[in-house]
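Summary of the model geometry
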Amino acid sequence: MDNSICQVYEDEIQSLEEEIKLLTEKYEDSQQESTFFSDEEILMAIKSFQRESERRESLSDLIAQLESLETDLSFLKKFTGIQFTSHFKKTVEKTTNRTVRKHRLSGNCYSLSFQLEFQLLEMQNKENVSAVVTDLGIIMESGEDADMSKFVSSTEEHGNLLRFFRSLSSYAEWYEHRRCTFLHFKGKYPDIVTLPEGLLGDYIILRNPKHSGFELMIVWKIHIDEEGRTTPVLDLLTKVPQQVLEQNMATIENAPACFRSMLLLFGIETALENLIKVVGLEK
């Protein structure tokens, strides 16, 4: 055999031997490292890894639940107009089957602000859990509204939070609708529409600047009874110079009734629009 060919084979054999030796050393090193950990330690490491995986899955579930709750909260806010801005809770008493917590809430419903303070008594037995609201106090920023004051007093007496929030949503929606309607007509007819008490008042004055002494007052009350039923109540009051009153007695006297008829036929906005246009006529 040629010496050059023999040399090639010898070099290849030497290279394989060195590779085998290197792999053997790596295997021995790995075997030696594995002896540093007992079976118990290895088992604990596996369990720790499993717990971490479960924690990550649990965290993902919590994030999904939080996103779902935020979606529901956003829907409820749009549906009811109610938004809570602060909440304070303190445990006053706690026994095996009885817990008393004090709550303080504040928030707004559309443009109306409110504050609540109450105690929640939770009773637990083998069959069920019951909760009773006590010491309820309500502060509403709705001006000097006698109907709302009576409703608040009745709600505080009976501790009916569900009725309060349901009725508040309806009342505040009408309150906001009235404010926006007044704002709209004041912007559209600034020379005719006057808001003596601003946008939060319950009436507007209509005047034709070319006919001094003649004005119409549109009163828009929001009636809420002690049961929380809400109803808008609108009426028309007139202020007419004596000379004009004598000449148009029948027309002036019938104006409030005609206005109520327009409300039934056309709705609030259209009735107001037609009345403002009539006031703005030259003659």
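Description of the structure in this document. (Residues numbered from 1 in each chain as written. Predicted model: local features only at pLDDT ≥ 70, side-chain atom pairs only at ≥ 80, totals over all residues. Heavy atoms only, no water.)

**Considerations on the environment of Ile224**
Let me state the cut-off plainly: Every helix listed is a DSSP run of H or I at least four residues long, and every strand listed is a run of E at least two residues long, numbered separately from the N terminus. Relative accessibility under 20% of the residue-type maximum defines a buried residue, over 50% an exposed one, and the middle range a partly exposed one, all with a 1.4 Å probe and only protein chains included. Any two residues having at least one pair of non-hydrogen atoms within 4.5 Å are treated as being in contact.
Mapping Ile224 onto the fold places it in strand E7 (residues 215-224). Of the residues examined, Ile224 reaches a relative accessible area of 1% and is grouped as buried. Placed 54 residues apart in sequence, Ile224 and Ser170 show a C-alpha to C-alpha distance of 9.5 Å. Discounting chain neighbours no more than four positions away, the residues touching Ile224 are Asp147, Met148, Phe151, Ser167, Tyr171, Arg229 and Thr230.

**A few points about the pattern of salt bridges**
As a reminder of what qualifies: Basic side-chain nitrogens of Lys or Arg form a salt bridge, by our definition, when they fall within 4 Å of a carboxyl oxygen of Asp or Glu.
Under the counting rule described, the total for this entry stands at eleven salt bridges. A salt bridge links Glu117 to Lys102, with the nearest nitrogen and oxygen atoms 3.5 Å apart. Highlighted residues: Glu117 in strand E3 (residues 112-124) and Lys102 in strand E2 (residues 98-109), separated in sequence by 15 residues. With relative accessibility at 31%, the residue Glu117 sits in the partly exposed group. Ionic contacts of the salt-bridge type, sharing partners, join the residues Lys102, Arg104 and Glu117 into one network.

**As for unusual backbone geometry**
In the Ramachandran plot, Tyr110 falls in the positive-phi region, its phi being about 55° despite a non-glycine side chain. Residue position: Tyr110 is located in the loop between E2 and E3. On the accessibility criterion, Tyr110 (30% relative accessible area) is partly exposed. The backbone phi angle of Asp135 is positive, close to 50°, even though this residue is not glycine. As for its placement among the helices and strands, Asp135 is situated in strand E4 (residues 129-140).

**Points about the sheet that holds E4**
Put simply, the rule reads: Here, any two strands with at least 2 DSSP bridges between them count as paired. Here the axes come from fitting lines to C-alpha atoms, over the contacting stretch only for helices, and the angles between their N-to-C directions go from 0 to 180 degrees.
With antiparallel pairing, four strands are arranged side by side in an open sheet as E1-E2-E3-E4. The open sheet is flanked by strand E1 (82-94) and E4, the only strands paired with a single partner. Averaged over all adjacent pairs, the angle separating strand axes in this sheet is 20°, with direction ignored. Pairing geometry for E1 and E2, over eleven bridges, is antiparallel. Paired with Lys90 across the bridge in E2 is Lys102. Its contacts with the sheet put helix H4 (residues 161-188) on E1, E2, E3 and E4, and the angle it makes with E3 is roughly 165°.

**Some points on the sheet that holds strand E6 (residues 203-207)**
The strand order across the open sheet built from four strands is E5-E6-E7-E8, with neighbouring strands paired in antiparallel fashion. Either end of the sheet is taken by a strand with one partner, and the two such strands are strand E5 (193-194) and strand E8 (230-239). With ten bridges connecting them, E7 and E8 associate as antiparallel partners. From the neighbouring strand, Ile224 faces E8, where its bridge partner is Thr230. Running over the sheet, H4 touches E5, E6, E7 and E8 and is turned about 165° from E7.

**Here we look at helix H7 (residues 268-279)**
Put simply, the test is: The span expected for a helix works out to 1.5 Å for each residue beyond the first.
Compared with the 16 Å implied by 1.5 Å per residue over twelve residues, the 17 Å span of H7 between its first and last C-alpha is a close match. Every buried residue of H7 is listed here: Ile268, Ala271, Leu272, Glu273, Leu275, Ile276 and Val279.

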